[in-house]
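Topology and contacts: notes
Listed here are the chains, written in short residue letters.
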Number of protein chains: 2
Amino acid sequence: MIPEPRLVEVRKNVLKANDVVARSLREKFRAAGVLVVSLVSSPGSGKTAFLEKTLAQLRSRFQVAALVGDLATENDAIRLARSGARVQQIVTGTVCHLEAAMVERALEGWNLDDLDILFIENVGNLVCPSSYDLGENLRIVLISVTEGEDKPLKYPTIFNSADVAIITKMDLAAAVEFDYPTAYGNIQAVRPNMQVFQLSSKTGAGMEGYFEFLSARVSELRGTTAA
Amino acid sequence: MIPEPRLVEVRKNVLKANDVVARSLREKFRAAGVLVVSLVSSPGSGKTAFLEKTLAQLRSRFQVAALVGDLATENDAIRLARSGARVQQIVTGTVCHLEAAMVERALEGWNLDDLDILFIENVGNLVCPSSYDLGENLRIVLISVTEGEDKPLKYPTIFNSADVAIITKMDLAAAVEFDYPTAYGNIQAVRPNMQVFQLSSKTGAGMEGYFEFLSARVSELRGTTAA
């Protein structure tokens with residue numbers, strides 16, 4: 001009843017077009033020496049709070065900016081702009097993921113050479129964003145302790161497409177009886193050797209290790225760009 | 001760069017095909033006098049724990065069963081089957097929502113006349129399921145207190161497509177400083193007069209009011225079927 005083959009074919013074309021734009025973005029980012037970090041997670045796992053803390057804390061060390069994808073509202077951009085960093089909202093309408101062309105449009109007129117790190121917060125969704133390359137250097141998947149330890153097993157594709165996993169809301173771990181070894185095991189089962197950070201944006205616990213990790217990536221990239 | 005018009009056109013055809021199947025399902029459900037309740041939420045907002053409690057508690061009053069949609073695992077069906085209710089998993093692969101045809105296939109060989117309430121747990125996603133009618137009588141959208149009060153504003157379409165909202169994990173409300181009046185106001189802003197339940201599957205608080213609501217709907221339906 002459902003014309004699946006045709007839908008799949010059209011999706012493939014969309015993906016191919018996306019990959020062309022993503023490749024050109026990646027080249028621009030590389031030339032400008034900017035580290036591009038995208039964040040994916042389900043709605044409510046704390047992406048915006050985490051990004052807010054990240055922008056506020058990293059501003060003294062780096063030139064940081066953010067693009068924020070959302071279906072309908074511009075609330076997140078307003079919230080994030082309080083950090084003083086440049087923030088641009090991308091309203092996607094009914095589309096459940098960002099695409100490279102949306103990122104390209106949002107960056108029109110930006111001087112990327114001025115930036116050290118550009119964060120891209122994807123639409124809250126553990127499925128749709130997985131297939132869309134945005135030209136980023138690093139894709140981070142976030143899950144909060146309140147979502148349960150089984151999420152990597154249920155959404156393996158997004159974990160496979162990401163480079164790093166961050167477990168957020170660790171301040172609630174005891175209240176929800178979060179079992180870290182189980183969650184860690186599930187992450188490793190779908191994505192062997194994935195690096196995992198545990199932190200709390202609310203208390204700040206664990207954030208410094210993550211900042212050091214990002215700093216090392218910025219230095220690496222500069223080494224590469226200079227060479 | 002992205003062939004949007006063609007993609008939209010194909011999506012429209014998929015939706016039309018879905019609506020045809022959904023209509024036929026709705027007719028079957030009506031003839032059998034079964035109340036069909038679908039659950040949508042983001043991953044980790046507690047749909048499965050909630051459904052587990054619901055099946056266990058309602059079994060003494062009604063004949064209940066459940067279909068459970070997931071991308072990859074059958075863990076939820078195993079977990080829910082412990083209640084003793086009939087449970088069937090629908091593995092969707094990479095598809096981020098259930099479709100009416102999947103429900104139809106999963107119900108092959110079932111005698112719907114034996115059932116009072118059929119629950120359908122959709123894939124964890126606040127975007128994709130909104131446009132797919134499954135022939136249900138009642139669509140419930142769940143959000144947990146840990147996701148933040150702004151979710152209705154960020155995902156208005158799914159709230160608009162639902163009949164009832166349930167706020168889960170109320171036992172954590174104080175720990176996450178959940179502001180109920182704000183959340184309620186945001187729900188009403190996108191879906192005026194929406195009925196809202198607050199409950200905790202963990203402690204059981206608030207569950208009874210929701211069970212009474214479902215019981216009333218079963219009685220209503222029987223009145224309709226008998227008439």
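Being a predicted model, the structure only gives us computed values, none of them experimental.

**Remarks on the environment of Gly 109 of chain A**
All names here are of chain A. Relative to the assigned elements, Gly 109 resides in the loop between α4 (100-106) and β4 (117-121). Look at Gly 109 and you get exposed, because its relative accessible area is 77%. The sequence separation of Gly 109 and Val 95 amounts to 14 residues, and the corresponding C-alpha distance is 24 Å.

**Description of the sheet that holds strand β2 (residues 64-70) of chain B**
Residue and element names in this part refer to chain B. Pairing is parallel in the open sheet, where seven strands are placed in the order β3-β2-β4-β1-β5-β6-β7. Looking at which strands have only one partner, the edges of the open sheet turn out to be β3 (86-91) and β7 (195-198). For this sheet, the mean angle separating the axes of adjacent strands, direction not counted, is 20°. Looking at chain direction, β2 and strand β4 (residues 117-121) are connected through five bridges and run parallel. Across the sheet, Val 64 pairs through a bridge with Ile 117, a residue of β4.

**As for the interface of chain B and chain A**
Tallying the contact residues gives 46 residues for chain B and 46 residues for chain A. Buried surface at the junction of chain B and chain A, both sides included, amounts to about 3,800 Å², of which 63% is carbon and sulfur. Where Asp 76 of chain B meets Lys 154 of chain A, a salt bridge forms, and the shortest distance between an N and an O atom there is 2.6 Å. On inspection of chain B and its partner chain A, the count reaches 12 residue pairs in polar contact (both at pLDDT 80 or more). Elements supplying a minimum of two residues to the side of chain B that touches chain A: α1 (4-32), α3 (75-81) and α5 (151-154) of chain B.

**Some points on the environment of Thr 203 of chain B**
All names here are of chain B. Residue position: Thr 203 is located in the loop between β7 and α8 (207-226). Sequence spacing of Thr 203 and Asp 171 is 32 residues, and the spatial spacing of their C-alpha atoms is 7.1 Å. Here the side chain of Thr 203 touches Ala 205 through a polar contact of 3.2 Å, landing on its backbone nitrogen.

**Thoughts on the sheet that holds strand β3 (residues 86-91) of chain A**
Residue and element names in this part refer to chain A. In spatial order, the strands read β3-β2-β4-β1-β5-β6-β7; together these seven strands make up an open sheet with parallel pairing. The sheet is open, and its two edges are formed by β3 and β7 (195-198), each paired on a single side. Put simply, the sheet's adjacent strands are angled 20° from each other on average, direction ignored. Bridge analysis of strand β1 (residues 35-41) against β4 gives five bridges, and the strand direction is parallel. In the sheet register, Leu 39 faces β4, and the bridge partner there is Glu 121. Here helix α2 (residues 47-58) sits on the sheet in contact with β1, β2 (64-70), β3, β4, β5 (138-144) and β6 (164-168), set at roughly 170° to β4. In the packing of helix α7 (residues 180-190) onto the sheet, contacts are made with β6 and β7, and the angle to β7 comes to roughly 150°.

**Let's talk about the nonpolar core**
If you look at the biggest cluster of nonpolar residues, it comprises 48 residues, and the most contacted ones within it are Val 141, Phe 159 and Ile 167 of chain A together with Val 141, Phe 159 and Ile 167 of chain B. Taken together, the elements giving at least two residues each to this core come down to β5, α6 (156-161), β6 and α7 of chain A together with β5 (138-144), α6 (156-161), β6 (164-168) and α7 (180-190) of chain B.

**Comments concerning the side chain of Glu 147 of chain B**
Here Glu 147 of chain B shows up in the loop between β5 and α5. A distance of 3.3 Å separates polar atoms of two side chains, one belonging to Glu 147 of chain B and the other to Ser 42 of chain B.

**Structural notes on the relation of the copies chain B and chain A**
The transformation that overlays chain B on chain A combines an axial shift of 0.0 Å with a rotation of 180°, and the residual RMSD is 0.0 Å. The operation mapping one copy onto its partner corresponds to a two-fold rotation axis. Here 100% of the interface residues in chain B have copies in chain A that are interface residues too; the copies meet face to matching face.

**Some thoughts on the confidence of the model for chain A**
Per-residue confidence for chain A gives a mean pLDDT of 91; residues scoring 70 or more make up 93%. With a pTM of 0.81, the predicted complex shows an ipTM of 0.71.

**Things to note about the pairing of β3 of chain A**
In the case of a regular strand, side chains alternate between the two sheet surfaces. All names here are of chain A. By the bridge criterion, six bridges tie β2 to β3 in an arrangement that is parallel. Note that in β3 the partner of Gly 69 across the bridge is Ile 90. What joins β2 to β3 is helix α3 (residues 75-81), and the crossover it makes is right-handed.

**Points about the pattern of salt bridges**
Here the idea is simple: oppositely charged side chains can pair when their charged atoms come close. Tallied over the full model, the rule gives 28 salt bridges over all chains. Of the charged contacts in the structure, one is a salt bridge between Asp 116 of chain A and Arg 222 of chain A, with a shortest N-O distance of 2.3 Å. Residue Asp 116 of chain A is located in the loop between α4 and β4, and its partner Arg 222 of chain A is located in helix α8 (residues 207-226); the two are separated by 106 residues in the primary sequence. By relative accessible area, which is 14% here, Asp 116 of chain A ends up buried. Judged by its relative accessible area of 40%, Arg 222 of chain A falls in the partly exposed class. Of the charged contacts in the structure, one is a salt bridge between Lys 28 of chain B and Glu 104 of chain B, with a shortest N-O distance of 3.9 Å.

**Details of α2 of chain A**
All names here are of chain A. For α2, built from 12 residues, the straight-helix expectation of 16 Å at 1.5 Å per residue is met to within 8% by its first-to-last C-alpha distance of 16 Å. When α2 is considered as a whole, its buried residues turn out to be Lys 47, Thr 48, Phe 50, Leu 51, Thr 54, Leu 55 and Leu 58. Axial view of α2: buried residues confined to an arc of 155°, hence all on one face.

**Quick word on the packing of aromatic side chains**
Residues and elements named next belong to chain A. By the definition in use, this model includes 10 aromatic pairs over all chains. For the ring pair Tyr 210 and Phe 211, a centre distance of 5.7 Å and an interplane angle of 45° mean the geometry is tilted. Taken as a pair, Tyr 210 and Phe 211 share a single burial class, namely buried. Feature note: the residues Phe 50, Phe 197, Tyr 210, Phe 211 and Phe 213 constitute an aromatic cluster, connected by ring pairs. Sitting over the ring of Trp 110, Arg 86 keeps its end group 4.0 Å from the ring centre.

Criteria and cut-off values
- Residues numbered from 1 in each chain as written.
- Chains lettered and ligands numbered in written order.
- Predicted model: local features only at pLDDT ≥ 70, side-chain atom pairs only at ≥ 80, totals over all residues.
- Heavy atoms only, no water.
- Helix = DSSP H or I, 4+ residues; strand = E, 2+ residues; numbered from the N terminus.
- Buried < 20%, exposed > 50% of the residue type's maximum accessible area, 1.4 Å probe, protein only.
- Pairing = 2+ DSSP bridges.
- Axes fitted to C-alpha atoms, helices over the stretch in contact; angles between N-to-C directions.
- Contact = heavy atoms within 4.5 Å.
- Buried area = accessible area lost by both parts, 1.4 Å probe.
- Salt bridge = Lys/Arg side-chain N within 4 Å of Asp/Glu carboxyl O.
- Polar contact = N/O pair within 3.5 Å; in protein donor to acceptor, adjacent residues only side chain to side chain.
- Core = buried A, V, L, I, M, F, W, Y, C linked by side-chain atoms within 4.5 Å.
- Least-squares fit on C-alpha atoms with pLDDT ≥ 70 in both.
- pLDDT = per-residue confidence, 0-100.
- Right-handed = clockwise from strand over helix to strand, strands pointing away.
- Expected span 1.5 Å × (residues − 1).
- Arc of directions from axis to C-beta.
- Phe/Tyr/Trp six-rings, centres within 6.5 Å; stacked < 30°, edge-to-face > 60°.
- Lys NZ or Arg CZ within 6 Å of the ring centre and 35° of its normal.

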